[in-house]
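Next come the chains, spelled out residue by residue.
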Amino acid sequence: MRFTVGYCLYPHGKNNSIETPMRIILCDGVAAAEINRHLVLAQINKDKPLSTPVYQLCIYLNYLDTLGLGATDATMDIIYDFLSVLYVDGLPYAGDGTPRSYTAICNYVTVISKLYDSLAIRGHILDDSLYTRSQKMMLFPDSKEKHRKGHVIKKGEHLTMVHLLTKLFSPNQNDIPEFTYTKWYSAEQIRAIADELSLTYRCIFLDTVYTGHRVDSALSLTLDTVDLYNAQVTPTRTKTGKRHTSLIPPNLVEDFQSYVMDVRNSIDTDSEYFFVGSNGKPVTYGAYRSALESARIKVNKKYGWDIKALHTHEGRSTFAAAIRSYQLEQQRKGIPTFSDVDFCNLMDWKSLDSLKHYDLVNRVQDAAPMLIDFYKNYDVLTSSNSTFSNGT
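The present account deals with the structure reproduced in this document. (Residues numbered from 1 in each chain as written. Predicted model: local features only at pLDDT ≥ 70, side-chain atom pairs only at ≥ 80, totals over all residues. Heavy atoms only, no water.)

1. Regarding the sheet that holds strand β5 (residues 232-233)
Either a parallel or an antiparallel arrangement is found when strands of a sheet pair, and the pairing is made through backbone hydrogen bonds.
Turning to step 1, where the next piece is worked out: With antiparallel pairing, the three strands of this open sheet are ordered in space as β4-β5-β6. Both edges of this open sheet fall to β4 (226-227) and β6 (246-247), since each of them pairs with a single strand only.
Turning to step 2, where the next piece is worked out: Alignment of β5 against β6, held across two bridges, turns out to be antiparallel. In the sheet register, Gln 232 faces β6, and the bridge partner there is Leu 247. (Pairing = 2+ DSSP bridges. Helix = DSSP H or I, 4+ residues; strand = E, 2+ residues; numbered from the N terminus.)

2. Some details on the pairing of strand β2 (residues 18-27)
Turning to step 1, where the next piece is worked out: In this sheet, β2 lies alongside strand β1 (residues 3-12) in antiparallel orientation, the contact comprising 10 bridges. Looking at β2, one finds that Gly 6 is bridged to Ile 24.
Turning to step 2, where the next piece is worked out: What sits between the antiparallel neighbours β1 and β2 is a turn of five residues, in which Gly 13 has the positive phi angle 85°.
Turning to step 3, where the next piece is worked out: Linking two consecutive strands that pair antiparallel, namely β2 and strand β3 (residues 30-31), is a turn of two residues; a positive phi of about 55° is found at Asp 28 within it.

3. Comments concerning the sheet that holds β1
Turning to step 1, where the next piece is worked out: Strand order in this open sheet of three strands is β1-β2-β3, and the pairing throughout is antiparallel. Two strands bound the open sheet, and with one partner strand each, they are β1 and β3.
Turning to step 2, where the next piece is worked out: Helix α1 (residues 33-43) contacts β1, β2 and β3 of the sheet and is inclined by roughly 145° relative to β2.
Turning to step 3, where the next piece is worked out: Sheet strands touched by helix α2 (residues 52-66): β1 and β2. Its angle to β1, the strand with the most contacts, is close to 130°. (Contact = heavy atoms within 4.5 Å. Axes fitted to C-alpha atoms, helices over the stretch in contact; angles between N-to-C directions.)

4. Overview of the packing of aromatic side chains
Turning to step 1, where the next piece is worked out: A complete count under the given rule lists 13 aromatic pairs for this structure.
Turning to step 2, where the next piece is worked out: Where Phe 82 meets Tyr 108, the ring centres are 5.8 Å apart and the plane angle is 70°; that geometry is what we call edge-to-face. A residue pair is termed long-range when its members are at least 10 positions apart, and Phe 82 in helix α3 (residues 76-89) and Tyr 108 in helix α4 (residues 102-121) qualify at 26 residues.
Turning to step 3, where the next piece is worked out: A residue is classified by how much of its surface remains accessible, and Phe 82, at 0% relative accessible area, is buried.
Turning to step 4, where the next piece is worked out: A relative accessible area of 4% means that Tyr 108 is categorised as buried. (Phe/Tyr/Trp six-rings, centres within 6.5 Å; stacked < 30°, edge-to-face > 60°. Buried < 20%, exposed > 50% of the residue type's maximum accessible area, 1.4 Å probe, protein only.)

5. Here we look at the nonpolar core
Turning to step 1, where the next piece is worked out: Ranked by internal contacts, the top residues of the largest apolar core, which has 100 residues, are Tyr 60, Phe 82, Leu 83, Tyr 116, Phe 205 and Phe 256.
Turning to step 2, where the next piece is worked out: Of the residues forming this core, the biggest block, 10 residues, is contributed by α3.
Turning to step 3, where the next piece is worked out: Sequence-distant contacts of Tyr 116, defined by excluding residues within four places in its chain, comprise Tyr 60, Leu 64, Ala 71, Ala 74, Ile 79, Leu 126, Leu 130, Thr 160 and Val 162. (Core = buried A, V, L, I, M, F, W, Y, C linked by side-chain atoms within 4.5 Å.)

6. Observations concerning the pattern of salt bridges
Turning to step 1, where the next piece is worked out: Throughout the structure, instances matching the rule amount to nine salt bridges.
Turning to step 2, where the next piece is worked out: One salt bridge connects Asp 28 with Arg 2, and the closest N-O pair in it is separated by 3.3 Å. Residue Asp 28 is located in the loop between β2 and β3, and its partner Arg 2 is located in the segment before β1; the two are separated by 26 residues in the primary sequence.
Turning to step 3, where the next piece is worked out: Sharing partners across several salt bridges, the network here consists of Arg 2, Asp 28 and Asp 65. (Salt bridge = Lys/Arg side-chain N within 4 Å of Asp/Glu carboxyl O.)

7. Remarks on the packing of helix α6 (residues 187-196) against helix α10 (residues 285-303)
To describe two helices that pack against each other, one gives the angle between their axes and the distance between the axes.
Turning to step 1, where the next piece is worked out: Relative to each other, α6 and α10 sit at 115°, their axes nearing to 9 Å. Seen along the crossing, α6 lies across α10 with a hand that is right-handed. Contact residues: α6 offers Ala 192, Ile 193 and Glu 196, while α10 offers Leu 292, Ala 295, Lys 298, Val 299, Lys 302 and Tyr 303.
Turning to step 2, where the next piece is worked out: Its residues assigned to classes, the contact of α6 with α10 shows six nonpolar, no polar and three charged. (Left-handed = near helix turned anticlockwise from the far one by under 90°. Nonpolar A, V, L, I, M, F, W, Y, C, P; charged D, E, K, R; others polar.)

Pasting the structure below:
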């Protein structure tokens with residue numbers, strides 16, 4: 001990983017006569033200046049160096065780096081995606097790779113919130129989604145005003161909204177903040193969003209919905225691992241390193257075929273990756289996220305919706321929620337179906353703990369109408385799917 005945790009003695013005081021032990025973050029072996037300014041202030045008066053918070057911040061920075069982003073590039077939905085992955089899937093470089101508890105998520109939120117409060121107070125321009133209107137007015141007052149009022153920051157006051165993300169993961173969902181997110185898509189939303197995406201991004205979006213692939217896995221598909229004749233796709237990158245072959249429904253096969261004939265074949269490229277942009281290079285996470293944001297704006301305007309953000313992880317969550325709903329329904333009826341272990345293998349999860357987030361079936365019923373035709377035959381389909389039959 002690019003970011004690692006280091007240890008140093010920080011000189012300060014008169015003639016730098018005091019050396020305080022601190023943990024800092026290194027980027028490619030070199031101290032990350034802006035991040036460490038925040039960490040120095042957090043540790044300067046401590047009896048001993050911070051430990052867990054520094055490692056948690058390092059994990060967050062490495063997650064952003066896998067997306068090609070820096071700390072100041074993050075949006076609220078990217079931070080939420082990071083926390084969702086930790087909470088539901090876990091990350092291979094976060095502890096033992098298993099899902100984190102609600103308490104741990106709260107700790108991560110505190111660490112990230114303090115980072116962005118520190119960056120904001122030092123004048124760094126962050127994404128608008130991180131601020132409330134009043135916070136932005138306080139930090140960036142109108143330059144036309146002749147007299148600016150000062151503001152004394154009180155203890156416990158926050159300069160961004162990041163701290164509110166803990167409420168989205170709370171077991172008690174009665175107090176959801178105003179900027180609530182879509183955790184999975186309804187059938188109507190799936191159709192509307194897909195219609196507003198270009199063919200390339202529609203294929204990626206529907207792949208995450210119908211297979212549960214992480215976006216990174218969807219983007220890793222190559223010409224050799226997309227078998228449209230047998231309606232199978234096999235990502236070359238997964239979180240656990242295991243390669244899983246997934247089935248895709250007929251309508252997605254048709255979209256993939258149209259993409260190959262109408263889009264990819266018209267692009268001058270020698271890339272082995274299945275999804276490429278007009279420049280011939282593989283589609284990036286950032287490009288896909290931008291396409292989702294554009295679609296969000298369009299569907300809100302077209303249908304009068306008020307979707308605050310579309311997350312790249314929510315296609316996967318929709319798949320998991322709908323198929324878990326189907327599995328539990330079959331079990332209640334006494335009909336043999338796939339096991340929880342099979343489900344975890346399908347989702348590329350390391351722990352059965354990830355299942356608990358999808359056990360409230362009433363929360364996901366609205367996803368079923370569009371996906372039911374695919375899922376009702378899932379037991380038959382998976383008998384030939386290598387995900388279940390041989391674990392490849």
